[in-house]
Amino acid sequence: MFDAGIIIVLAMRLLGPLMIFQWPLLGSIVSEYIFDAIDILIWAEMGATDIDYTSYDKPLDVYQITIQAIVASRWENKTIRNIALFFYGYRLLGYALYLFTELRVMFFFFPNIFFYFFIGYLAAKKLGLPELFEDKRQLAIVILVIILLKLPQEYILHWPH
């Protein structure tokens, strides 16, 4: 059951997000855009073709965003912290509904806004633009942009075609 490809992927996907505790922005980007993006390629290269990808990928995604939520729970700005944790809970609700119904469309109705809010806030702080998230009007625009960018991806990946 556990061949070399699965062991490599599990090690990468379980250990990689731990970087988020030390380097929240860099760790998140590496975990999402490198480790999560290449895991299926590693499995395919190592000959693991009969894997139910969603049954592995989604729990590992939840693991990653849980680490991010722990980091976000320590943010000083109460409003930004609460919004981030709301989006985290919203995604978890969608994941729970998916587990209950086995309908992938749940990921469309409960998109992973949390991840993009998390890295967006950290990137804005790094660039010296925290006011994008501190001013309520600008914050609303940022959230709207994140949602408008994320929904097409969720539609392509999870809407029944």
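Our structure's up above, just so we're on the same page.
What comes next concerns the included structure. (Residues numbered from 1 in each chain as written. Predicted model: local features only at pLDDT ≥ 70, side-chain atom pairs only at ≥ 80, totals over all residues. Heavy atoms only, no water.)

**Things to note about the side chain of Arg 13**
Right, so step 1: Counting through the fold element by element, Arg 13 comes out in helix 1 (residues 4-15).
Right, so step 2: On the basis of relative accessible area, Arg 13 is assigned to the buried category, the value being 2%.
Right, so step 3: In this structure the side chain of Arg 13 is engaged in a polar contact, spanning 2.5 Å, whose partner is the side chain of Asp 39.
Right, so step 4: Every residue in contact with Arg 13, bar those within four places of it in the chain, is listed here: Phe 35, Asp 36, Asp 39, Asp 57, Leu 60, Asp 61 and Tyr 63. (Helix = DSSP H or I, 4+ residues; strand = E, 2+ residues; numbered from the N terminus. Buried < 20%, exposed > 50% of the residue type's maximum accessible area, 1.4 Å probe, protein only. Polar contact = N/O pair within 3.5 Å; in protein donor to acceptor, adjacent residues only side chain to side chain. Contact = heavy atoms within 4.5 Å.)

**Some points on the pattern of salt bridges**
Right, so step 1: Taken as a whole and assessed by the stated rule, the structure comprises eight salt bridges.
Right, so step 2: Across the salt bridge formed by Arg 13 and Asp 36, the nearest N and O atoms sit 2.9 Å from each other. Of this pair, Arg 13 sits in helix 1 while Asp 36 is found in helix 3 (residues 24-45), placing the two residues 23 residues apart along the sequence. This pair shows no difference in class: Arg 13 is buried, exactly as Asp 36 is.
Right, so step 3: Between Glu 154 and Arg 91 there is a salt bridge, with its nearest N and O atoms 3.5 Å apart. Placement of Glu 154 in helix 9 (residues 136-158) and of Arg 91 in helix 5 (residues 78-101) is noted, with a sequence separation of 63 residues between them. Assigned by exposure class, Glu 154 and Arg 91 land together as buried.
Right, so step 4: Connected through salt bridges with shared partners, the residues Arg 13, Asp 36, Asp 39, Asp 57, Lys 58 and Asp 61 form a single ionic network. (Salt bridge = Lys/Arg side-chain N within 4 Å of Asp/Glu carboxyl O.)

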